Amino acid sequence: DKYVKEIHENGYTIIENVLAPDQCDLFVDLLETDYARWSPRYKGSAETSHSLNDKSCEKVVFNMHNKDMRYYDLFDHPEVLPVVNAVLKEGSYKNSEAVNLLNISARNPAPYADAQQLHLDSNLPGRGGYPLILVALFMLEDFTAENGATRIMPGSHKFDGYAEYGKYYDEEITVTGSRGSVLLFDGAFWHGSGKKLDDSSRWAVILGYGRWFIKPSFDFSRNIPDAVFDQLSDSRKRLLGLDSNPPIDEFTRVTRRSEDAEWEAGYELPN
């Protein structure tokens, strides 16, 4: 209740000591390995009017769900997922409609990287309504003012607009925290990494959860290898939204939700 109240009032909260140091070390090692293996094959980002798609100043691992089963212990972590559900189910029918993962990634800003543009992850300002998206940021390494810890604008989840491009606001604060902590914030909350003043590593896993009818960043129903799918519990299949794919036509199904997970077999990661 404390965390839910802080998210509603301030736009964010911090849960400390969610992961032990050895767990943080494990996930950092996994991410370094996955980044080295997969990043040379990433598709380049299209140019936009902002800098958020430019990944040249950071290490990024996408779609962690199809690379190692150990990542799933973060996706449904028992100290985090109940808070996510409490926030995102509120206001739905009987406060019980499903919550899905929409974004599954991790990032580590490059040494001395510039600050990230303040932005929101919900694609719409919150205006104080029911949150559509909640972001869980797992700090796998210490977040400090020197290594570009997350900048935030308290209360911005109730604003009507977007942060001005390239502007720093007097009301901004920097969220620091020890490794193993989790920063939870409303998807309409203005945030962005700060300028990195050193060459330290600062990995964070960033999970975007949303109400079931919002599209995910990638098509999870088509990018899960067979060997991974075979290990998924029913609850993890639902968390990935495999029961909320739209039907092909009215002869297949007329409801937007399916009773069973719908998934396309045969996907393989690049060799």
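Residues numbered from 1 in each chain as written. Predicted model: local features only at pLDDT ≥ 70, side-chain atom pairs only at ≥ 80, totals over all residues. Heavy atoms only, no water.

Trainee: Please clarify how the overall build of the protein should be interpreted in this entry.
Mentor: Helix and strand counts for the protein come out as six helices and nine strands. For 271 residues, the compact-globule formula gives about 18 Å, and the C-alpha radius of gyration of the protein, at 18 Å, lands near that figure. Taking the principal axes of the C-alpha coordinates as reference, the protein spans close to 55 × 45 × 40 Å. Sequence separation of at least 24 residues holds for 85% of the intrachain contacts in the protein that already meet a minimum separation of 6. Here the protein displays about 13900 Å² of accessible surface, and carbon together with sulfur accounts for 49% of that area. In the protein, the 29 positive side-chain charges and the 43 negative ones have mean positions that sit 2 Å from each other. (Helix = DSSP H or I, 4+ residues; strand = E, 2+ residues; numbered from the N terminus. Rg over C-alpha atoms; globule rule 2.2 N^0.38 Å. Contact = heavy atoms within 4.5 Å. Areas by Shrake-Rupley, 256 points an atom, 1.4 Å probe, with all protein chains shown as cover. Lys, Arg positive; Asp, Glu negative; His and termini not counted. Charge placed at Lys NZ, Arg CZ, Asp CG, Glu CD.)

Trainee: How should the nonpolar core be read in this particular structure?
Mentor: Nonpolar side chains in soluble globular proteins tend to end up buried together. In this structure, F75, F138, L184 and Y209 are the most contacted members of the largest nonpolar core, which totals 45 residues. Discounting chain neighbours no more than four positions away, the residues touching L184 are I7, G11, Y12, T13, I15, V80, V83, V84, L134, V135 and A136. Residues M139, A149, F185 and I206 belong to the second largest nonpolar core, which totals 15 residues. (Core = buried A, V, L, I, M, F, W, Y, C linked by side-chain atoms within 4.5 Å. Buried < 20%, exposed > 50% of the residue type's maximum accessible area, 1.4 Å probe, protein only.)

Trainee: Looking at this structure, I do not really get the pairing of strand β9 (residues 204-211). What am I missing?
Mentor: Two faces, one strand: in a regular strand the side chains alternate between the faces of the sheet. Most of β9 sits out of view: eight of its eight residues are buried. As paired elements, strand β3 (residues 99-109) and β9 share eight bridges and run antiparallel to each other. Its bridge partner being in β9, R107 is matched across the sheet by A204. With seven bridges connecting them, strand β4 (residues 133-139) and β9 associate as antiparallel partners. (Pairing = 2+ DSSP bridges.)

Trainee: It is not clear to me how a nonpolar patch on the surface should be interpreted in this structure. Could you clarify?
Mentor: Taken together, the side chains of L124, L132, Y162 and F213 make up a nonpolar region of the molecular surface, amounting to roughly 410 Å² of accessible area. Tracing the sequence through the fold places Y162 in the loop between β5 (150-152) and β6 (173-175). (Patch = residues over 30% accessible without salt bridge, like charges linked within 9 Å, V, L, I, M, F, W, Y side chains within 5 Å. Salt bridge = Lys/Arg side-chain N within 4 Å of Asp/Glu carboxyl O.)

Trainee: Explain the environment of V28 here, please?
Mentor: Checked against the element boundaries, V28 lands in helix α2 (residues 21-38). Not counting the four nearest positions on each side in its chain, V28 is found in contact with L140, E141 and W203.

Trainee: Looking at this model, I keep getting lost on the pattern of salt bridges. Mind explaining?
Mentor: Side chains that carry opposite charge are capable of pairing whenever their charged atoms lie near each other. For the coordinates displayed, the defined rule picks out 14 salt bridges. We note a salt bridge from E6 to K2, for which the minimum N-O separation is 3.2 Å. On the criterion of helical spacing, the pair formed by E6 and K2 is a turn pair, its members being four residues apart in helix α1 (residues 2-10). Residue classification places E6 among the partly exposed positions, given a relative accessible area of 24%. Across the pair R151 and E172 runs a salt bridge whose closest N-O atoms are separated by 2.9 Å. In this pair, R151 is assigned in strand β5 and E172 in the loop between β5 and β6, connecting sequence segments 21 residues apart. With a relative accessible area of 6%, R151 lands in the buried category. Overlapping salt bridges, with partners in common, bring together D73, D76 and R236 in one network.

Trainee: How do you make sense of the side chain of E172 when you look at a structure like this?
Mentor: You can call E172 buried: its relative accessible area is 16%. Looking at E172, its side chain comes within polar contact range of the side chain of R151, at 2.9 Å. Apart from residues lying up to four places away in sequence, E172 is in contact with L118, R151, I152, M153 and K167. (Polar contact = N/O pair within 3.5 Å; in protein donor to acceptor, adjacent residues only side chain to side chain.)

Trainee: Looking at this model, I keep getting lost on the packing of α1 against helix α4 (residues 81-89). Mind explaining?
Mentor: To characterise two packed helices, one gives the angle between the axes of the helices and the distance between these axes. Two numbers describe how α1 lies on α4: the axes approach to 9 Å, and their chain directions differ by 50 degrees. Here α4 runs oblique to α1, going by the angle between their axes. Of the two elements, α1 crosses α4, and the hand of that crossing is right-handed. Two secondary-structure elements touch here, α1 through Y3, V4 and I7 and α4 through V83, A86 and V87. (Axes fitted to C-alpha atoms, helices over the stretch in contact; angles between N-to-C directions. Parallel < 35°, antiparallel > 145°, perpendicular 65-115°, else oblique. Left-handed = near helix turned anticlockwise from the far one by under 90°.)

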